Amino acid sequence: MSALDTPVIIGRSSSHFTRIARIFAAELRAEHSFQVLRDLLSTDPADYGGNPALRIPVLKTARGSWFGALNVSRELWRQSHPRPRVVWPEDLDVPLLANVQELTLQAMATEVTLVMEKMAGGGEGTTHALKLRQSLLNMMAWLEEHADAALAALPPGRDLSYLEVTLFCLVTHLEFRDVLPTAPYAALNRFCQQFAQRPSARDTAFRFDT
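Right, let's walk through the structure included here.

Thresholds, definitions, all that
Residues numbered from 1 in each chain as written. Predicted model: local features only at pLDDT ≥ 70, side-chain atom pairs only at ≥ 80, totals over all residues. Heavy atoms only, no water. Helix = DSSP H or I, 4+ residues; strand = E, 2+ residues; numbered from the N terminus. Rg over C-alpha atoms; globule rule 2.2 N^0.38 Å. Buried < 20%, exposed > 50% of the residue type's maximum accessible area, 1.4 Å probe, protein only. Axes fitted to C-alpha atoms, helices over the stretch in contact; angles between N-to-C directions. Parallel < 35°, antiparallel > 145°, perpendicular 65-115°, else oblique. Left-handed = near helix turned anticlockwise from the far one by under 90°. Contact = heavy atoms within 4.5 Å. Nonpolar A, V, L, I, M, F, W, Y, C, P; charged D, E, K, R; others polar. Phe/Tyr/Trp six-rings, centres within 6.5 Å; stacked < 30°, edge-to-face > 60°. Pairing = 2+ DSSP bridges. Right-handed = clockwise from strand over helix to strand, strands pointing away. Salt bridge = Lys/Arg side-chain N within 4 Å of Asp/Glu carboxyl O.

### Observations regarding the overall build of the protein chain
Summing up its helical and strand segments, the protein chain has seven helices and six strands in all. Taken against the 2.2 N^0.38 rule, which gives 17 Å for 210 residues, the C-alpha radius of gyration of the protein chain at 17 Å falls within 12% of a compact globule. Dimensions of the protein chain along its principal axes, counting C-alpha atoms only, are 50 × 45 × 30 Å. Counting over 210 residues, the protein chain shows a buried share of 44%.

As structure tokens, this is what we get:
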């Protein structure tokens, strides 16, 4: 197999958005290689697999490149045989589930901004940083309050859901990057402890690439 025939995930082992893609690849048993983005502050789209947004993950395939965790996960699923039963964001057609998915992704994006501002030497006490942190705290409190009901409302016949993968990656990443302690979130921690038993979660543990 040529490098083009074998899908390549570009990302970082310390990235929660990358971990979404890697969990899906593991769950789907999708053959792929992993290419580490070495410099998160790079402004060269080539380092991000051609993604002009300068974001990861990216999936390079014979069909072309796919930008973003959701696109990557969908393409890996389309290439899998047989295809497992996956609950995607558009399947969440009640407010509770749709809002949990939205706030999970928004919290992930907010966390990235806080981490990147810190890496770039920005102050954590600026008005913008304080608003971001308060927004993150608000979202985490809301997710904690509604997580049990939302998870119970997911279709019972699923093999996996995008909501579960993203929620797991969010909560576990907050402690990993020292952004927010998660001990106060009992319901979210119970869910993470259960999800962490999946081989795909064990095989994609967060770490800093050397």
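Now that the structure has been shown, the text picks up again.
### What to know about the packing of helix 3 (residues 95-119) against helix 4 (residues 127-153)
Packing of helix 3 against helix 4 leaves a shortest axis separation of 8 Å and a crossing angle of 150°. Viewed along their axes, helix 3 and helix 4 adopt a mutual orientation that is roughly antiparallel. The hand of the helix 3/helix 4 crossing is left-handed. Touching Leu96, Leu97, Asn99, Val100, Leu103, Thr104, Gln106, Ala107, Thr110, Thr113, Leu114 and Glu117 of helix 3 are His128, Ala129, Leu132, Arg133, Leu136, Met139, Trp142, Leu143, His146, Ala149, Ala150 and Ala153, all from helix 4. Along the lines of polarity and charge, the residues of the contact of helix 3 with helix 4 split into 15 nonpolar, seven polar and two charged.

### Quick look at the environment of Gln35
Residue position: Gln35 is located in strand 2 (residues 33-36). Placed 27 residues apart in sequence, Gln35 and Val8 show a C-alpha to C-alpha distance of 6.7 Å. Those residues in contact with Gln35 that sit more than four places away from it in its chain are Val8, Ile9, Ile10 and Gly11.

### So, the packing of aromatic side chains
By the definition in use, this model includes eight aromatic pairs. With a centroid separation of 6.0 Å and an interplanar angle of 40°, the aromatic rings of Phe24 and Tyr162 are classed as tilted. On the criterion of sequence distance, the pair formed by Phe24 in helix 1 (residues 16-27) and Tyr162 in helix 5 (residues 162-176) is long-range, its members being 138 residues apart. Both residues of the pair, Phe24 and Tyr162, count as buried. With a centroid separation of 4.8 Å and 25° between ring planes, the pair formed by Phe176 and Phe208 is classed as stacked. In this pair, Phe176 sits in helix 5 while Phe208 sits in the segment after helix 7 (199-202), placing the two residues 32 residues apart along the sequence. By relative accessible area, Phe208 is classed as partly exposed at 44%.

### As for the environment of Asp148
Examined against the element boundaries, Asp148 turns out to sit in helix 4. For Asp148, a relative accessible area of 42% translates into the label partly exposed. Residues Asp148 and Arg190 lie 42 residues apart in sequence; the distance between their C-alpha atoms is 9.4 Å. Filtering out sequence-adjacent residues up to four positions away, Asp148 remains in contact with Ala187 and Arg190.

### What to know about the pairing of strand 2
In this sheet, strand 2 lies alongside strand 1 (residues 8-11) in parallel orientation, the contact comprising four bridges. Bridging from a neighbouring strand, Ile10 pairs with Gln35 of strand 2. Running through helix 1, the crossover from strand 1 to the neighbouring parallel element strand 2 is right-handed.

### Things to note about the pairing of strand 4 (residues 64-67)
Here strand 3 (residues 58-61) runs beside strand 4; their pairing, made up of four bridges, is antiparallel. Bridge pairing in strand 4 links Lys60 to Ser65.

### Observations regarding the pattern of salt bridges
Pairing between side chains of opposite charge can happen when the charged atoms of each approach one another. Going through the model one piece at a time under the given rule, you end up with seven salt bridges. Between Glu75 and Arg78 there is a salt bridge whose closest N-O contact spans 2.9 Å. Taken as a pair, Glu75 and Arg78 lie in helix 2 (residues 69-79) at a separation of three residues, close to a single helical turn. Glu75 gets classed as buried once you look at its relative accessible area, which sits at 1%. By relative accessible area, Arg78 is classed as partly exposed at 28%. As a salt-bridge pair, Arg190 and Asp148 come within 3.0 Å of each other at their nearest N and O atoms. In this pair, Arg190 is assigned in helix 6 (residues 186-195) and Asp148 in helix 4, connecting sequence segments 42 residues apart. By relative accessible area, which is 42% here, Arg190 ends up partly exposed. Overlapping salt bridges bring together Arg63, Glu75 and Arg78 as one network.

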